[in-house]
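# Architecture and fold: a report
For reference, the chains in residue letters:
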Amino acid sequence: MGFMLFHFKRGMAKIQILLALTFDGFLPRSHETLMRWVEGNTRHGFPLWQAKASFSIYPHYGLIDLLDVADKHDGECIYLAEIRDKDSAEYAGGLLRYNLVDEIVLYLLPLSYGKGVSLAEGFQPGRWKLHACKSFSNGICRLVYRRKG
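How each quantity is defined
- Residues numbered from 1 in each chain as written.
- Predicted model: local features only at pLDDT ≥ 70, side-chain atom pairs only at ≥ 80, totals over all residues.
- Heavy atoms only, no water.
- Salt bridge = Lys/Arg side-chain N within 4 Å of Asp/Glu carboxyl O.
- Helix = DSSP H or I, 4+ residues; strand = E, 2+ residues; numbered from the N terminus.
- Buried < 20%, exposed > 50% of the residue type's maximum accessible area, 1.4 Å probe, protein only.
- Pairing = 2+ DSSP bridges.
- Axes fitted to C-alpha atoms, helices over the stretch in contact; angles between N-to-C directions.
- Contact = heavy atoms within 4.5 Å.
- Expected span 1.5 Å × (residues − 1).
- Polar contact = N/O pair within 3.5 Å; in protein donor to acceptor, adjacent residues only side chain to side chain.
- Arc of directions from axis to C-beta.

### Looking at the pattern of salt bridges
According to the stated counting rule, one finds 4 salt bridges in the structure shown. Here Glu-39 and Arg-84 are joined by a salt bridge, their closest N and O atoms 2.6 Å apart. On the criterion of sequence distance, the pair formed by Glu-39 in helix α2 (residues 33-40) and Arg-84 in the loop between β3 (78-83) and α5 (86-97) is long-range, its members being 45 residues apart. Classification of Glu-39 as partly exposed rests on a relative accessible area of 27%. Between Glu-82 and Arg-84 there is a salt bridge, with the nearest N and O atoms lying 2.7 Å from each other.

### Regarding the sheet that holds strand β2 (residues 55-57)
Pairing is mixed across the open sheet formed by 6 strands, whose spatial order is β2-β3-β1-β4-β6-β5. Sheet topology places β2 and β5 (128-135) at the edges, where each strand pairs with a single neighbour. In this sheet, neighbouring strand axes are inclined to one another by 25° on average, regardless of whether the strands run parallel or antiparallel. One ladder, built from 3 bridges, connects β2 with β3; its direction is parallel. Counted as the bridge partner of Phe-55 is Tyr-79 from β3. Where α5 meets the sheet, its contacts fall on β1 (14-22), β2, β3, β4 (103-109) and β5, and the angle it forms with β3 comes to roughly 135°.

### A few points about α5
An α-helical turn contains 3.6 residues, so a residue and the one three or four places further along point in the same direction. Taking 1.5 Å of rise per residue, the 12 residues of α5 would be expected to cover 16 Å, and the 16 Å separating its terminal C-alpha atoms lies within 8% of that figure. Within the span of α5, buried status applies to Ser-88, Ala-89, Tyr-91, Ala-92, Gly-93, Gly-94, Leu-95 and Leu-96. Where α5 starts, the residue carrying a side-chain oxygen 3.3 Å from the main-chain nitrogen of Asp-87 turns out to be Asp-85. Of the residues trailing α5, Asn-99 is marked for its positive phi of about 55°.

### Here we look at α2
Residues of α2 that are buried include every one of Leu-34, Met-35 and Val-38, and no others. Within α2, the buried residues cover an arc of 100° as seen down the axis, which keeps them to one side.

### As for the environment of Val-144
Mapped onto the fold, Val-144 is located in strand β6 (residues 141-147). The class for Val-144 is buried, based on a relative accessible area of 4%. Apart from the residues within four sequence positions on either side, Val-144 is in contact with Trp-49, Glu-103, Ile-104, Val-105, Lys-129, Leu-130, His-131 and Ala-132.

Shape descriptors only; they carry no functional weight alone.
Here it is as structure tokens:
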């Protein structure tokens, strides 16, 4: 079934995940100075991707519903799922589990927590290709990965 979903997705709208992570793979706390930069920087941070998105999708948005509406749009249409908390991380895990994600925009923050909300459980075996990489003077790196194949 996963193969069929991926097969049908080829001509559909793009599904993109946007997130920030610490070095050790946890979601950063919103009060962190670096996270505030990511959330507020209109030229390089989350607002850049939010402005490019056609639609924002949230944890209450059903995966079957997403497939139905995404099938009606072309590849220029972008559905953006932002990961900011446990609920949105679980939702993204579902998107990843069913091979629905085409692109991941990851801000890597030079912090480590040792515990917190992790995304490791949602990732399924797969290949991703680095499409773009940009580092900033505050130590943050933005990595854009696209599904390989």
